[in-house]
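# Structure at a glance
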Amino acid sequence: MTVALRTVARRCLDAALAAVEPERLVRASLRHDDGALVLLDAAGRPCARHAGPVVVAAAGKAALAMARGAVVGSGVVIVPHGGGGACDGMVVRTAGHPLPDADGERATAELLAIVAAAPSDALVLVLLSGGASALLVAPAPGVTLDDKRAITARLLAAGADIASINAVRRHCSRVKGGGLARAAGGAAACWALVLSDVVGDDPSVIASGPTVADPTTFAEAAAVLARYLPPGAVPAGVRARLADGIAGRVPETPKPGDPLLARVRTCIVAGNRTAVAAAAEAARAQGFAPEIVDAPLLGDATEAGRAVVARLETLPRDRPVALVLGGETTVRVAAGGHGGRSQQLALSAAVALAGRSGLVLAAGTDGVDGPTDAAGACVDGATVERARRRGIDARDALERTDSHPALDAAGDLLRTGPTGTNVADLVVVVRDAC
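Source: prediction; values computed, not measured.

## Here we look at the overall build of the protein chain
If you tally the helices and strands in the protein chain, you get 16 helices and 15 strands. For 434 residues, the compact-globule estimate of 2.2 N^0.38 gives 22 Å, and the C-alpha radius of gyration of the protein chain, at 23 Å, lies within 12% of that figure. With the C-alpha coordinates of the protein chain rotated into their principal frame, the extents come out at 65 × 60 × 35 Å. By residue count, 54% of the 434 residues in the protein chain fall in the buried class. In the protein chain, once contacts between residues fewer than 6 apart in sequence are set aside, the share between residues at least 24 apart is 75%. For the protein chain, the accessible area works out to roughly 17,000 Å², and carbon and sulfur atoms hold 55% of it.

Dropping the structure here:
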C-alpha cells in the first residue's frame, strides 16, 4: 500500500509543478492583439495595453522559461550558473546563487543599462522569479559587492529576520526597492510579471521589490544595523551610504504614492498557494479527501515535521485523506550535517510517523533542497526501520541535522532535478482508510 501512496503523493507534486510552469503562466498573462501587447489580470481580463517596442528584463530561476513565454521584444535574462540556454532576442547571462557574485554584478549592470536606454515609446517588461534577489546585484555608489555579501551574512548570523535584512539591502542597491522601476523611468510603461517564491506574495519582498514601492527608509535600515550588529561589523561603505541617505545627500527609495510608480504594473502570475491548490485537486481526483492548511508552513523544519504528523492524526480514518501545506521552513544545518529544510522536515515526520500508517512528501518546488542533489523526500512509517537496517539511527541523524544520508539509506530521497520553477516548498500527506 505504501507504494500506491507514493504514487499518489508524487502525482500531487507533479500537478503542483504543472500549475506553476513559468512559460505557460506568462503566455496566459499576455495577449498579442492587432500589433499591441495586452496585459491580462488573474481573471483573464485586459488591464493594460501597449503598442510599441518592448524591452525585457528577466531574472530568477524561472527567468528563461518566462522570457520564452513572453515571445516579445529583446533584452537581458539572468539565471543561476548552470541554468543557461537560448531564447530568441535575449542575451542570457548566468550569475551566482544563493550568494551574489561578480558575474551577477556585471549582468545586472548590463540589464540596467538596457532598461535605462529604453526609448520613450517602449514598454519595459520585467519577469521575476525566485532567486532574483541574489541574481540582481547592483551595489549603490560607495558600496561594494563584498560589502553587500558581508552585511547580509553578518545579519543572518545575528538572527535578523528577512524583513530587516531586506530593509538594509534595498538601501544599498541600485536595483532593489524600486530601483529597477526608477531605471525604467524614461520608458512609456513598466509591467512586471512575478512568479512568487515568498509566502504571502508581498511584491516588496519578492526579489527585494525592484519594481514596487519600498515601505522602509534609510533611518530604519540604520536602526536594523544598530539593533543587530556592533559598529565595527558594519562595512564602511554601508555605514557611509546609510548616513548619506539619512542626511538627504542621496535620494530615498521610491515610496507609496511616488508618481514614478504610476506607470508600473506588478502582477503575481502564481505562487505557493497555486501549487497547493493544484496538489489538493490531484489528491481529490485520486479518491483522497483533501484538506488544505491555510496557515503557511513556517518556522523550524523539525517542529514542522512533527506538527504535520500530529495534524494527520486528527483527520478521519474512515476514508482516504490528504493534507496539503505550503510555505518555507528553516533549518540551520550543524557542522558535519548534510541536508536541507524539506529533508529535515521529512525526517522529523518519519520519526513521528514510525510504525504508523501514512506517508509524507516534502519538497522544494525548484527541485533543489539545500546543498544536495535532492528536492526533498517521501517518508512513511517504515522509514526509520529501513534506515536502521542500513546502520543509521534516524533520530540521531535528525538531532545532528544530517537528514540526507539517513533518507538516502532508507531509499526515501526525492530527486526531481531542477524543475525550472520556484514557489517555495510543498508538503503532501496521504493516508488510506484505516
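## A short note on the side chain of D197
Structurally, D197 can be placed in the loop between β8 (189-195) and α9 (218-228). Despite its burial, D197 pairs with no opposite charge; the closest candidate is K61, at 6.9 Å N-O. Residue contacts for D197: discarding those within four places in its chain leaves G130, G131, I206, E328, N422, V423 and A424.

## Description of the packing of helix α7 (residues 162-170) against α9
At their nearest, the axes of α7 and α9 sit 8 Å apart, and the two run at 125° to each other. Compared by their axis directions, α7 and α9 come out oblique. Viewed along their axes, α7 and α9 form a crossing whose handedness is left-handed. Two secondary-structure elements touch here, α7 through S164, A167 and V168 and α9 through A221, V224, L225, R227 and Y228.

## Description of the pairing of strand β11 (residues 321-327)
Where burial is concerned, most of β11 is hidden: seven out of the seven residues are buried. With burial as the criterion, each face of β11 is covered, one bearing V321, L323, L325 and G327 and the other bearing A322, V324 and G326. For the crossover that starts at strand β10 (residues 289-292), traverses helix α12 (residues 301-312) and ends in the parallel β11, the hand is right-handed. Both β11 and strand β15 (residues 425-431) contribute to a ladder of seven bridges, which runs antiparallel. Looking at β15, one finds that G326 is bridged to L426.

## Describing the sheet that holds β8
Pairing in this open sheet of six strands is parallel, and the strands run β6-β5-β4-β7-β8-β9 from one edge to the other. At either margin of the open sheet sits one strand with a lone partner, and together these are β6 (90-95) and β9 (264-270). Neighbour-to-neighbour, the strand axes of this sheet turn through a mean angle of 15°, independent of strand direction. When strand β4 (residues 54-59) meets strand β5 (residues 74-80), the two strands line up parallel, connected through five bridges. Across the sheet, the residue bridging to A59 is I78, located in β5. In the packing of helix α2 (residues 22-29) onto the sheet, contacts are made with β8 and β9, and the angle to β8 comes to roughly 140°.

## Quick look at the nonpolar core
L30, L125, L127, W191, L193, L195 and V430 are the most contacted members of the largest nonpolar core, which has 57 residues in total. For this core, the leading source of residues is helix α1 (residues 2-19), giving seven residues.

## Quick notes on the layout of surface pockets
Rolling a probe over the atoms, with the probe sized like a water molecule, indicates the empty space that remains. As a volume, the second largest pocket reaches approximately 240 Å³. Contributing to the lining of the second largest pocket are 15 residues, with S173, R174, G179, R182 and R241 lying nearest its centre. Of the residues in the lining of the second largest pocket, the class split is five nonpolar, four polar and six charged.

## Overview of the environment of N166
When you line up the elements, N166 lands in helix α7. In this structure, the C-alpha to C-alpha distance between N166 and D214, residues 48 residues apart in sequence, is 9.8 Å. Residue contacts for N166: discarding those within four places in its chain leaves V205 and S208.

Conventions used here
- Residues numbered from 1 in each chain as written.
- Predicted model: local features only at pLDDT ≥ 70, side-chain atom pairs only at ≥ 80, totals over all residues.
- Heavy atoms only, no water.
- Helix = DSSP H or I, 4+ residues; strand = E, 2+ residues; numbered from the N terminus.
- Rg over C-alpha atoms; globule rule 2.2 N^0.38 Å.
- Buried < 20%, exposed > 50% of the residue type's maximum accessible area, 1.4 Å probe, protein only.
- Contact = heavy atoms within 4.5 Å.
- Areas by Shrake-Rupley, 256 points an atom, 1.4 Å probe, with all protein chains shown as cover.
- Lys, Arg positive; Asp, Glu negative; His and termini not counted.
- Salt bridge = Lys/Arg side-chain N within 4 Å of Asp/Glu carboxyl O.
- Axes fitted to C-alpha atoms, helices over the stretch in contact; angles between N-to-C directions.
- Parallel < 35°, antiparallel > 145°, perpendicular 65-115°, else oblique.
- Left-handed = near helix turned anticlockwise from the far one by under 90°.
- Right-handed = clockwise from strand over helix to strand, strands pointing away.
- Pairing = 2+ DSSP bridges.
- Core = buried A, V, L, I, M, F, W, Y, C linked by side-chain atoms within 4.5 Å.
- 1 Å grid on protein atoms, 1.4 Å probe; cavity = no way out; pocket = protein on both sides within 12 Å on 5 of 7 lines; lining within 4 Å.
- Points joined across faces, edges and corners; volume = space filled by probe spheres on them.
- Nonpolar A, V, L, I, M, F, W, Y, C, P; charged D, E, K, R; others polar.

Keep in mind these numbers describe shape, not what the thing actually does.
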